[in-house]
Amino acid sequence: MYYSSGNYEAFARPKKPEGVDQKSAYIVGSGLAALTAACYLVRDGQMKGEHVHILEKDSIPGGACDGYKFENVGYVMRGGREMDNHFEVMWDLFHSIPSIETEGVSVLDEYYWLNKEDPNYSLCRATVNRGQDAHTDGKFDISDKGAMEIMKLFFTPNEELQDKRITDFFDDEVFNSNFWLYWRTMFAFENWHSALEMKLYLKRYIHHIGGLPDFTALRFTRYNQYESIILPMVHYLEGFGVQFHYNTKVTDVKFDIQKGRKLASSVTVEHEGETSNIDLTENDLLFITNGGCVESCTVGAQDKAAGFDPTIKPGNGWDLWKKIAAQDEAFGRPEKFCSDPEQTNWMSATVATSNEEIIQHIMNICKRDPRSGKVTTGGIVTVKDSTDNWYLSWTINRQPQFKSQDKNMVLVWLYSLNTNKEGNFVKKAMRNCTGEEVCREWLYHIGVPTEKIHALAHDACNTTTCFMPYINAFFQPRKESDRPKVVPDGAVNFAFIGQFAETPRDTIFTTEYSMRTGMESVYTLLDIDRGVPEVWGSKYDVRELLRACYYAIDKKPISEAPLSFKEKEMLKIVLKKVKGTDIEILLKESGLIE
């Protein structure tokens, strides 16, 4: 497996791998990484579809990419997915996946057209005083000292960031800035999270620093992620005859480990109360989804709290990874990620309403009608008043979010980073609240008169909740060796896929990361002779770096930065030296000089 960039490799079709007709594949899980691996097995690996078996413990596919309407409960969206124009693997695959909405076009086509015609941007990034615009006004509002702290982290070698926390590099100069409010709420970072992951994110998305305050960097699907992403992939795979085995739990994997050689030798599965073993040979490829950010999640309803049960049950992703990791140190250290659910949780809720009064309060904030079918909030709206309480943010994506949704209904998704603190209005921790109580807190923050809140939350809304003990597990401080390589050294017939497999340069908690591990695993095990698209290299582009500097000082020329007399004199000398050169042109194009 090798990386490439450019159209030469992107448009090429690989030859059929030698011996693939004699091979079979077993894929543990049916999340985005697993489905991606299956797609590349049949598309580029040209494996017979009936030789590909997807083993899923639940009754439906999708993993964390969900979106369902539960009978007698309501609509549930555990989370949302934000996409980027440089998710290279995602677009490499989705240009081949047919749309299930429009005949003759791909998922990429419909996504591209949608986001061209209705580009994403936010008109209100944060509120204060119960629904008033906080006027962050696109500014990072970060001090020189804070900027230097970020710069230091950016240039610190990865080896020096092993097991380090963000608080080892940042203090209140960063944490009290708009930059951190944008960053923390957009990516769900906590102050105690991994400094290594923070650095990887900074470098991965340096080209989007300018779009961070107003979300112009982001793109979204038409419907929820299950209907817009998962179902087209499943339909594509079924067309090849891929075998989906639902309600089939993988409880153990055994390996034959010798010096320089590791072979997955058997898989233990449970289906309808019966346990059986699948014996594997070198021709049986195994793709393992290890860990899982939505494992042990609990769902609450309008009149029922979700509860908090971080128990790692037999057969879930953490339990399986622990059994695997005990067999070889190259298989990672799951305990680094799943041992402290108090540090890895957050909670979400989905509010369904058709009430005109509530919708008017929404429109007062986002300046758009959510029933227009177009971008509404353009990303999350963070409630600054709640940062010491629930730390609440909410968003409304294009409506309807579900094909089955009533045209007059609006679905609001909200989430809280602090699940163990009291709300501003509801004096309970969010984790202990019913859906109705969560709705009350949200209605309070969008400016609904307090005397109307209880009645509207009870009569005009249906709110479901979801508590996820391990949703932020991948951000825990770690070493690079704590996650197994996608294909460990010496592995003959198996790979690890998903958010807890290690691949260089890319960032976890993205659709692209899951899909990249799926592609890399297939290309490695089948030795497919075509390049895997490398992670977009904006960190190597001097234009992007200069532009990021311009946005970091709130879109001012460097001459207006608070420089000392000595720094100003040095700047004059530098600008005189570069006058009339391409460097001067680059500085002008970035906005750093006029």
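Chemist: Please clarify how unusual backbone geometry should be interpreted in this entry.
Modeler: In terms of backbone geometry, most residues other than glycine have negative phi values and most peptide bonds are trans. Here the residue pair Q399 and P400 is connected by a cis peptide bond, since its omega of -5° sits within 30 degrees of zero. Structurally, P400 can be placed in the loop between β16 (392-395) and β17 (410-416).

Chemist: Any chance you could explain the sheet that holds strand β12 (residues 284-289) here in plain terms?
Modeler: Sheets are built from strands paired through backbone hydrogen bonds, the pairs being either parallel or antiparallel. Taken together, the five strands give an open sheet; going across it, the order is β8-β3-β2-β12-β19, and neighbouring strands pair in parallel fashion. The strands lining the two open edges of the sheet, one partner per strand, are β8 (243-245) and β19 (494-497). Going across the sheet, the axis of each strand differs from the next one's by a mean of 15°, ignoring polarity. In terms of strand pairing, strand β2 (residues 24-28) meets strand β3 (residues 52-55) through four bridges, oriented parallel. Note on β3: the bridge partner recorded for I27 is I54.

Chemist: In this structure, what is going on with the environment of P370? I would like to understand it.
Modeler: Mapping P370 onto the fold places it in the loop between α12 (356-366) and β15 (381-383). Here the alpha-carbon distance between P370 and M409, two residues 39 residues apart in the chain, equals 9.3 Å.

Chemist: Whenever I open this one, the sheet that holds β16 confuses me. Can you help?
Modeler: Judged by pairing direction, the sheet is mixed, and its eight strands sit side by side in the order β7-β6-β15-β16-β17-β14-β18-β13 without closing on themselves. Only two strands of the sheet have a single neighbouring strand rather than two, namely β7 (132-133) and β13 (298-300). Both β15 and β16 contribute to a ladder of two bridges, which runs antiparallel. Counterpart to T382 in the pairing with β16 is S393. Taken strand by strand, helix α13 (residues 435-445) contacts β6 (126-128), β14 (346-353), β15, β16, β17 and β18 (461-468), and its axis lies near 105° from that of β18.

Chemist: Quick question: what am I supposed to make of the pairing of β2 here?
Modeler: Remark: a regular strand shows side chains that alternate across the two faces of the sheet. Taken across its five residues, β2 has five buried, putting it largely inside the fold. As defined by bridge partners, β2 adjoins β12 across five bridges and the pair is classed as parallel. Note on β12: the bridge partner recorded for Y26 is L286. One crossover worth recording links β2 to the parallel β3 by way of helix α2 (residues 32-43), and it is right-handed.

Chemist: Quick question: what am I supposed to make of the packing of helix α5 (residues 144-155) against helix α8 (residues 195-204) here?
Modeler: Relative orientation and spacing of two packed helices are given, respectively, by the angle between their axes and the distance between those axes. Relative orientation of the contacting elements α5 and α8 amounts to 95°, with a least axis distance of 9 Å. What the angle tells us is that α5 and α8 run roughly perpendicular. Within the contact between the two elements, α5 uses I150, L153 and F154 and α8 uses A195, M198, K199, L202 and K203. Looking at the contact of α5 with α8 residue by residue, the classes come out as six nonpolar, no polar and two charged.

Chemist: Just checking my understanding: could you explain the pattern of salt bridges for this structure?
Modeler: Pairing between side chains becomes possible if they bear opposite charge and their charged atoms approach one another. Under the criterion given, the structure shown has 38 salt bridges. Its salt-bridge partner being R516, residue E520 comes within 3.7 Å of it at the nearest N-O pair. Here E520 pairs with R516, and both are found in helix α15 (residues 511-525), just four residues apart, close to one helical turn. Ionic contacts of the salt-bridge type, sharing partners, join the residues D163, R333, K336, K479 and D482 into one network.

Chemist: I would appreciate a short explanation of the packing of aromatic side chains in the present structure.
Modeler: Between two aromatic rings, the relevant description is the distance of the centres plus the angle of the planes. Tallying each qualifying case throughout the model produces 47 aromatic pairs. Both rings, one in W321 and one in F337, keep their centres 5.9 Å apart while their planes meet at 20°; by these two values the pair is stacked. Of this pair, W321 sits in helix α10 (residues 317-325) while F337 sits in helix α11 (residues 335-338), placing them 16 residues apart in sequence. In this structure W321 comes out as buried when scored by relative accessible area, which is 0%. Judged by its relative accessible area of 1%, F337 is buried. Stacked on the ring of Y223, the Lys or Arg R222 has its end atom at 5.0 Å from the ring centre. The cationic tip of R431 hangs over the ring face of F308; the distance from NZ or CZ to the ring centre is 4.6 Å.

Chemist: I tried to follow empty space enclosed by the protein on my own but got confused; where do I start?
Modeler: Applying the stated rule across the entire model yields two cavities of 30 Å³ or more. Taken as a whole, the largest cavity encloses approximately 760 Å³ of empty space. If you trace the largest cavity, you find 46 residues lining it, with G80, R81, E82, M186 and F220 closest to the centre. Elements with a minimum of two residues in the lining of the largest cavity: α7 (178-187), α9 (225-239) and β17. Examining the composition of the lining of the largest cavity, we find that four residues originate from one element, α7, more than from any other. Looking at the lining of the largest cavity, its residues break down into 27 nonpolar, 14 polar and five charged. By volume, the second largest cavity is sized at about 40 Å³. Lining of the second largest cavity is provided by N120, F220, V375, T376, G378, I396, N397 and R398. Each residue belonging to the lining of the second largest cavity can be placed in one class, and the counts come to three nonpolar, four polar and one charged.

Chemist: So what exactly am I meant to see when it comes to the nonpolar core here?
Modeler: Side chains of a nonpolar character, in soluble globular proteins, are inclined to be buried together. Formed by 143 residues in total, the largest nonpolar core has its most connected members in F179, W183 and F287. With ten residues, the single largest contributor to this core is α2. Ignoring anything within four residues of it in the chain, the contact list for F287 reads A25, Y26, I27, V28, A37, L41, A495, I497, S521, V522 and L525. Core analysis: the next-biggest nonpolar cluster, separate from the first, contains 34 residues, I365, W390, I396 and V426 among them.

Here is what the cut-offs are and how they apply
Residues numbered from 1 in each chain as written. Predicted model: local features only at pLDDT ≥ 70, side-chain atom pairs only at ≥ 80, totals over all residues. Heavy atoms only, no water. Helix = DSSP H or I, 4+ residues; strand = E, 2+ residues; numbered from the N terminus. Pairing = 2+ DSSP bridges. Axes fitted to C-alpha atoms, helices over the stretch in contact; angles between N-to-C directions. Contact = heavy atoms within 4.5 Å. Buried < 20%, exposed > 50% of the residue type's maximum accessible area, 1.4 Å probe, protein only. Right-handed = clockwise from strand over helix to strand, strands pointing away. Parallel < 35°, antiparallel > 145°, perpendicular 65-115°, else oblique. Nonpolar A, V, L, I, M, F, W, Y, C, P; charged D, E, K, R; others polar. Salt bridge = Lys/Arg side-chain N within 4 Å of Asp/Glu carboxyl O. Phe/Tyr/Trp six-rings, centres within 6.5 Å; stacked < 30°, edge-to-face > 60°. Lys NZ or Arg CZ within 6 Å of the ring centre and 35° of its normal. 1 Å grid on protein atoms, 1.4 Å probe; cavity = no way out; pocket = protein on both sides within 12 Å on 5 of 7 lines; lining within 4 Å. Points joined across faces, edges and corners; volume = space filled by probe spheres on them. Core = buried A, V, L, I, M, F, W, Y, C linked by side-chain atoms within 4.5 Å.

Read these as layout, nothing more, since geometry by itself doesn't imply function.
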